[in-house]
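So you can see what is in the structure, the chains are spelled out below.
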Amino acid sequence: MGIMNRNQRVSSMKMHATKICFIFYFLSFSSVALANINNLLQSIQTDYENRLDALFKDFHAHPELSLAEFSTAKKIAKALRGHGFQVTENVGGTGVVALLKNGSGPLVMMRADMDGLPLKEKTNLSYASRDMQLDPVTGNTFPVMHACGHDVHITALIGTAKQMVDLKNYWRGTLMLIAQPAEERVLGAKNMMNDNLWERFGQPDYALAFHVSSMLPSGVINVVNGSPYAGADTVDIYVHGIGAHGASPHTGKDPIVLGSQIVNSLQTLVSRELPPRQPGVVTVGAFHSGTKHNIISDQAHLQLTVRNTSEKTRDTLLNGIKRISENLGRAAGLPEDKLPEVVVSEESTPPTLNDEKLAIRLRGLWKEKMGTDQVTSYQSDGMGAEDFPFFTTEPKIPSVYFAVGGTNHEYFKAALDGSGPPIPSHHSPIFKIEPKPSITAGIAATVYALLDLLPAS
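A brief look at the structure comes next. All residue numbers here refer to positions counted from 1 along the written sequence of the relevant chain. With pLDDT at 70 or above as the cut-off, local features in this predicted model cover only qualifying residues; side-chain atom pairs require 80 or more to be listed or tallied, and sums for whole chains, interfaces and linings still use all residues. Here the side-chain values reflect all heavy atoms present in the structure, with hydrogen atoms and water set aside.

## Some details on the overall build of the protein chain
This is how the line gets drawn: The way it works is that DSSP assigns letters per residue, a run of H or I at least four long becomes a helix, a run of E at least two long becomes a strand, and they are numbered from the N terminus. Residue exposure (1.4 Å probe, protein chains only): buried if accessible area is under 20% of the type maximum, exposed if over 50%, otherwise partly exposed. Residues count as neighbours in contact if any of their non-hydrogen atoms are within 4.5 Å of one another. Accessible areas in this description were obtained via Shrake-Rupley with a 1.4 Å probe; residue shielding takes into account the shown protein chains only. Positive charges come from Lys and Arg, negative ones from Asp and Glu, while His and the chain ends are left out of the count. Taken as the charge location is NZ of Lys, CZ of Arg, CG of Asp or CD of Glu.
Broken down by element type, the protein chain carries twelve helices and 16 strands. Here the C-alpha coordinates of the protein chain stretch approximately 120 × 50 × 45 Å along the principal axes. A burial count over the protein chain gives 47% of its 457 residues as buried. Summarising the internal contacts of the protein chain: among those between residues at least 6 apart in sequence, 82% fall at separations of at least 24. Summed over all atoms, the accessible surface of the protein chain reaches about 21,800 Å², with 54% contributed by carbon and sulfur. In the protein chain, which carries 41 positive and 44 negative side-chain charges, the distance between the mean positions of the two groups comes to 8 Å.

As structure tokens, this is what we get:
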């Protein structure tokens, strides 16, 4: 090693001092960031007590119907702007898109739906909805209720925004928060995509969403590898007939008899055309025909919901409905121009399919951060549907849709052992959520996932 001159020694000492300062700064920065992460759950609780509780109760007391979420969207936009997000309103109707750019990195989307349902609330909560609203689709005025927990979702979205801003030093990339309208009509996601969502704001590298569930204890996180929600089609069958007097049925073609035969025959689609382990549902929810006891009508109208967890199943069911309806019309002796008409509505959605690798990754993360007893993988035995896949299917985006439990633990336990009443289902007038543990767990799970998908290094 050579001998340094005075200038070299001074320079070396300065560099050494600079390194020490940098290391001290880095350690201080890291410890602050680590403290913020370690205090995340407490920070969420404090935010809930300070403002989110009041915000949730306001959303719950003043729900709005699909395609008419005007006030709700403005409240969400105002809150997200207050956290420094770049906010765009009126996307695909009343949709809100908020972006927070924080250096180079992935673009990750978190979505929350915001519409209520045409239902009179009967929960007796102090903040129960008493609002009425004109439905822009039907033109009728209905009582409105958040009977599916969307008020939980949008409150958690705003809470997530605050935590991600507070933790900006701990992640890199772009966060996209979406408040989506009209999920209950499975129109909102499609409308936003038709408004050039990805072209305008960027296509996410990952997409997330969650739904609060009354069928799980509050705060429990549920994530499955496969399909958390089914695909759904709304189908109408218009059965034509030839009207006649009820005393002379031979002079007409009775659409009620034909419609009844169609209803019965449709049940064979699932029982005899789908493999036993392949789920599918064909439900006739309404049957309308006739005006009087002694009049044979000239038309019947059947209204169906059709559920599936794959495109193959969907094709089998929809093609089968058309085949059965038309051929039973032929069997009844109807001419070709009067065969039953099968119409598949735009109110349809493909199945929600979680990316398996991402679901496994996030399940492990949530178990680590929130506790193994707080995370489960329960596959619902129902066939509820979501329009979230319109964001993630074409083009395909790795996504996870998870659930957060929403029912008080004591109520849940009592319902299970029979000592208490059954838990009200979603879309029930007595549906209610225990808000604090549901919202805070939803925020925590979302923030942990976002930090994992938007790493700082």
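## Here we look at the sheet that holds strand β14 (residues 341-344)
To be explicit about the condition: By this definition, two strands are paired if DSSP reports at least two bridges between them. Between N-to-C directions, angles cover 0 to 180 degrees, with each direction set by a line fitted to C-alpha atoms, over the stretch in contact for helices.
Overall, antiparallel pairing links the four strands, which are arranged β11-β13-β9-β14 in an open sheet. Each edge of the sheet is formed by a strand with only one pairing partner; in this case those strands are β11 (280-289) and β14. Sheet twist, expressed as the mean angle between neighbouring strand axes with direction ignored, is 20°. The pairing of strand β9 (residues 231-240) with β14 spans four bridges and is classified as antiparallel. The residue of β14 that forms the bridge with Y238 is E341.

## Some details on the sheet that holds strand β8 (residues 221-222)
Spatially, the eight strands line up as an open sheet ordered β1-β2-β6-β3-β7-β16-β8-β15, and their pairing is mixed. Of all the strands in the sheet, just β1 (86-91) and β15 (375-376) have a single pairing partner and so form its edges. Pairing of β8 with β15, which is carried by two bridges, proceeds in the parallel orientation. Bridge pairing in β15 links N222 to T376. Across the face of the sheet, helix α9 (residues 356-370) comes into contact with β7 (206-217), β8, β15 and β16 (399-407) while running at roughly 40° to β16.

## Quick word on helix α4 (residues 150-166)
Going by this rule: Expected span, for any helix, means 1.5 Å times one less than how many residues it has.
Compared with an ideal rise of 1.5 Å per residue, which puts 17 residues at 24 Å, α4 spans 25 Å between its outermost C-alpha atoms and is within 8% of the ideal. For α4, the buried fraction is high: 14 of the 17 residues fall into the buried class.

## Re unusual backbone geometry
Of note, the amide linkage connecting E394 to P395 takes the cis form, showing an omega dihedral of 0°. Considering the arrangement of structural elements, one finds P395 in the loop between α10 (389-392) and β16.

## Regarding the pairing of strand β2 (residues 95-102)
Buried residues dominate β2, accounting for seven of its eight residues. Pairing analysis gives four bridges linking β1 to β2, with the strands arranged antiparallel. What sits directly across from V87, in β2, is A98. Between β1 and the antiparallel strand that follows it, β2, lie three residues; G92 among them carries a positive phi value of about 60°. Pairing geometry for β2 and strand β6 (residues 173-180), over seven bridges, is antiparallel. Bridge pairing links A98 to L177 in β6.

## Thoughts on the nonpolar core
Buried together is how nonpolar side chains tend to be arranged in soluble globular proteins. Filter applied, for reference: Take the buried residues of types Ala, Val, Leu, Ile, Met, Phe, Trp, Tyr and Cys, join any two whose side-chain atoms come within 4.5 Å, and each joined set is a nonpolar core.
Counting 69 residues, the largest nonpolar core has L80, F85, L177, I221, W366 and F402 as the members making the most contacts within it. Here the element with the most residues in this core is helix α12 (residues 435-453); it accounts for eleven residues. With sequence-adjacent residues up to four places away left out, F402 is seen in contact with A209, F210, H211, I221, N222, V223, W366, A445 and T446.

## Notes on the side chain of R185
Within the secondary structure, R185 sits in the loop between β6 and α5 (188-194). By relative accessible area, which is 18% here, R185 ends up buried. The contacts of R185, once residues within four sequence positions are left out, are S66, D115, D135, V137, T138 and E347.

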